[in-house]
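Here is how the chains run, residue by residue.
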Amino acid sequence: MPHPAPGPADAEDPRLAEVMAAVRSSRRYQSVAPETVRRLAANALVASRGDLAEAVKRTKRSLHEVFGAYLPSPPKYDALLRQLRDAVDAGDDEAVRAVLHRAMSTHASTRERLPILEEFYREVFARLDAPTSVRDLACGMNPLAAPWMPGSDAFTYHASDIDTRLTEFLAAALETLGVAHDVRVRDLMTGVGEVATDVTLLLKTLPCIEAQGRGQGWDLIDAIRSPVVVVSFPTKSLGQRSKGMFNTYSANFGAWLENRPHDVEQVEFRNELVYFVRKNA
Ligand SMILES: C[S@@+](CC[C@H](N)C(=O)[O-])C[C@H]1O[C@@H](n2cnc3c(N)ncnc32)[C@H](O)[C@@H]1O
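Residues numbered from 1 in each chain as written. Predicted model: local features only at pLDDT ≥ 70, side-chain atom pairs only at ≥ 80, totals over all residues. Heavy atoms only, no water.

Engineer: Even after reading the chapter, I still don't get the overall build of the chain, so can you show me in this structure?
Structural biologist: Along its length, the chain carries eleven helices and nine strands. Taking 2.2 N^0.38 as the reference for a compact globule, 281 residues should give roughly 19 Å; the C-alpha atoms of the chain span a radius of gyration of 20 Å, in line with that estimate. With 281 residues in all, the chain has 49% of them scored as buried. When contacts within the chain are restricted to residue pairs at least 6 apart in sequence, those whose partners lie at least 24 apart make up 64%. For the chain, the computed accessible surface area is about 13400 Å², with 49% contributed by carbon and sulfur atoms. Averaging the positions of the 34 positive and the 37 negative side-chain charges in the chain gives two centres separated by 6 Å. (Helix = DSSP H or I, 4+ residues; strand = E, 2+ residues; numbered from the N terminus. Rg over C-alpha atoms; globule rule 2.2 N^0.38 Å. Buried < 20%, exposed > 50% of the residue type's maximum accessible area, 1.4 Å probe, protein only. Contact = heavy atoms within 4.5 Å. Areas by Shrake-Rupley, 256 points an atom, 1.4 Å probe, with all protein chains shown as cover. Lys, Arg positive; Asp, Glu negative; His and termini not counted. Charge placed at Lys NZ, Arg CZ, Asp CG, Glu CD.)

So this is what it looks like as structure tokens:
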């Protein structure tokens, strides 16, 4: 039987609904934001020329690249939350940090940062002017690092990522830690929204957004409504030292900065290159 004519899928397209339903029935991706699945499924339908099975396969591959690869085994959210509540109730700060470490090690990006966590946030917050609001875009498990962020008892933590279970867990964890928060599901391919904060963290995420839409990662820095944006890039990939990553990202950042009137400070950590962008326009 011939496939239906390929073409851009729209929201009413029954083929799109079918691909979305198939993808969202998999446990792995059932709590990823529907708009994210829809966007990736629409691209996959075009690329697979209307072959539904192929489109499902491609959509799952894309979801793996943008989300699943960072969380190789799905975190045991309920158990982690229970352990965190017990540690907080017992007033055992060491146990609290141990649970948070365990939770952060489930996400590749925070796992890589664990060895430098203390130094990382001491240095980052030393360069910020006691913010009362911090935004963390495509946050992964990073909001769990709040106890390592000096002044986290005095700011509201606005965090977002693309998975409902993850964001619900983060909201419950921040509540348990007593950190004022607003955690939402947000797909950055639809923009950054209207939230304005003293500082925005865009950590190790720009390459992932660039892979989903060329130019859209860099555009985020302009669109973010904060006078200071902390942008970082990984300089090691899955534990492998990579000189190439440093060179590529610093060259790309330099090209982006050209003709922009911002003040920028570069700080290099063992496996992460950080830019403090102070916007002047
Ligand atoms: C490299 S990780 C960085 C996580 C965190 N910022 C950190 O440094 O610990 C990239 C994150 O981007 C999220 N992500 C991928 N595509 C996204 C999109 N279109 N909109 C929002 N978040 C996205 C993933 O779920 C993942 O948590």
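Engineer: Could you clarify how one ought to interpret the site of the ligand in this entry?
Structural biologist: The environment of the ligand is formed by 24 residues, the closest being R113, A138, D161, L188 and L203. With respect to the ligand, the side chain of H107 contributes an N or O atom lying 3.0 Å from an oxygen atom. One nitrogen or oxygen atom from the main chain of L203 is found 2.8 Å from a nitrogen atom belonging to the ligand. Relative to its unbound accessible area of 600 Å², the ligand is 99% covered by the protein chains. Breaking the shell around the ligand down by element, the ones donating at least two residues are α6 (108-113) and α9 (206-212). Partitioning the shell around the ligand into residue classes produces eleven nonpolar, seven polar and six charged. When residues of the shell around the ligand are sorted by domain, at least three fall in each of domain 1 (14-68) and domain 2 (115-278). (Near = heavy atom within 4 Å. Polar contact = N/O pair within 3.5 Å; in protein donor to acceptor, adjacent residues only side chain to side chain. Nonpolar A, V, L, I, M, F, W, Y, C, P; charged D, E, K, R; others polar. Domains from an automatic or database assignment.)

Engineer: When you look at the domain arrangement of the chain in this model, what are you seeing that I'm missing?
Structural biologist: It is common to give the size of an interface as the accessible area that goes away when the parts come together. Its domain assignment divides the chain into domain 1 (14-68) and domain 2 (115-278). When each unit is reduced to the centre of its C-alpha atoms, the spacing between domain 1 and domain 2 is 27 Å. Counting from both sides, the interface comprises eight residues of domain 1 and, opposite them, ten residues of domain 2. With both chains or domains summed, domain 1 and domain 2 bury close to 920 Å², and 52% of this area falls on carbon and sulfur atoms. Here domain 1 and domain 2 share one salt bridge between them. Residues R39 and D187 are paired through a salt bridge, measuring 2.9 Å at the closest nitrogen-oxygen approach. (Buried area = accessible area lost by both parts, 1.4 Å probe. Salt bridge = Lys/Arg side-chain N within 4 Å of Asp/Glu carboxyl O.)

Engineer: What is the right way to look at the pattern of salt bridges in this model?
Structural biologist: A side chain of one charge can pair with a side chain of the opposite charge when the charged atoms of the two come close. Under the definition given, this model contains 13 salt bridges. Where R225 meets E194, a salt bridge forms, and the shortest distance between an N and an O atom there is 3.1 Å. Of the two residues, R225 sits in the loop between α10 (216-223) and β5 (228-234) while E194 sits in the loop between β3 (181-185) and β4 (199-203), which places them 31 residues apart along the sequence. Given a relative accessible area of 40%, R225 falls into the partly exposed group. Connected through salt bridges with shared partners, the residues E112, R113, K204 and E272 form a single ionic network.

Engineer: Please clarify how the packing of helix α2 (residues 34-47) against helix α3 (residues 52-66) should be interpreted in this entry.
Structural biologist: For any two helices packed against each other, the geometry comes down to the angle between their axes and how far apart the axes lie. Two elements in contact, α2 and α3, have axes separated by 8 Å at closest approach and are oriented at 135°. On the basis of their axis angle, the class for α2 and α3 is oblique. Like other packed secondary-structure pairs, α2 and α3 cross with a definite hand, here right-handed. Across the interface between the two elements, V37, L40, A41, A44, L45 and A47 of α2 pack against L52, A55, R58, T59, S62, L63 and V66 of α3. (Axes fitted to C-alpha atoms, helices over the stretch in contact; angles between N-to-C directions. Parallel < 35°, antiparallel > 145°, perpendicular 65-115°, else oblique. Left-handed = near helix turned anticlockwise from the far one by under 90°.)

Engineer: How do you make sense of unusual backbone geometry when you look at a structure like this?
Structural biologist: With glycine set apart, most residues show a phi of negative sign, and most peptide bonds adopt trans. Phi is positive for A138, close to 50°, though the residue is something other than glycine. Topologically, A138 is positioned in the loop between β1 (133-136) and β2 (156-161). With a phi angle near 55°, K204 is a residue other than glycine that sits in the positive phi range. With respect to the element layout, K204 can be found in the loop between β4 and α9.

Engineer: Please explain the environment of W256 as it appears in this structure.
Structural biologist: Here W256 shows up in helix α11 (residues 243-257). Residues within four places of W256 in sequence aside, it is in contact with W218, I221, D222, H262 and V277.

Engineer: Sorry if this is basic, but what is going on with the packing of aromatic side chains here?
Structural biologist: Applying the stated criterion across every chain yields a total of 13 aromatic pairs. Ring plane angle 50° and centroid distance 5.1 Å describe the contact between Y77 and F169, whose orientation is recorded as tilted. Highlighted residues: Y77 in helix α4 (residues 77-89) and F169 in helix α8 (residues 164-177), separated in sequence by 92 residues. Overall, F169 belongs to the buried group, its relative accessible area being 5%. (Phe/Tyr/Trp six-rings, centres within 6.5 Å; stacked < 30°, edge-to-face > 60°.)

Engineer: Even after reading the chapter, I still don't get the nonpolar core, so can you show me in this structure?
Structural biologist: As a rule of thumb, soluble globular proteins bury nonpolar side chains together. Counting residues in each nonpolar core, the largest one holds 66 residues, and the members touching the most others are M104, Y121, L144, Y157 and F169. Counting only domains with at least three residues in this core, you end up with domain 1 (14-68) and domain 2 (115-278). Setting aside residues up to four positions removed in sequence, Y157 forms contacts with V134, D136, N142, P143, A146, M149, L174, V179, A180, H181, D182 and L201. (Core = buried A, V, L, I, M, F, W, Y, C linked by side-chain atoms within 4.5 Å.)

Engineer: I would appreciate a short explanation of the pairing of β4 in the present structure.
Structural biologist: For a regular strand, side-chain orientation follows a simple rule: the groups alternate between the two sheet faces. With five of its five residues buried, β4 lies for the most part within the structure. Along β4, one buried face is formed by V199, L201 and L203 and the opposite face, lined by T200 and L202, is buried too. Across three bridges, β1 lies against β4 in parallel orientation. Bridge assignment links D136 to a residue of β4, and that residue is L201. (Pairing = 2+ DSSP bridges.)

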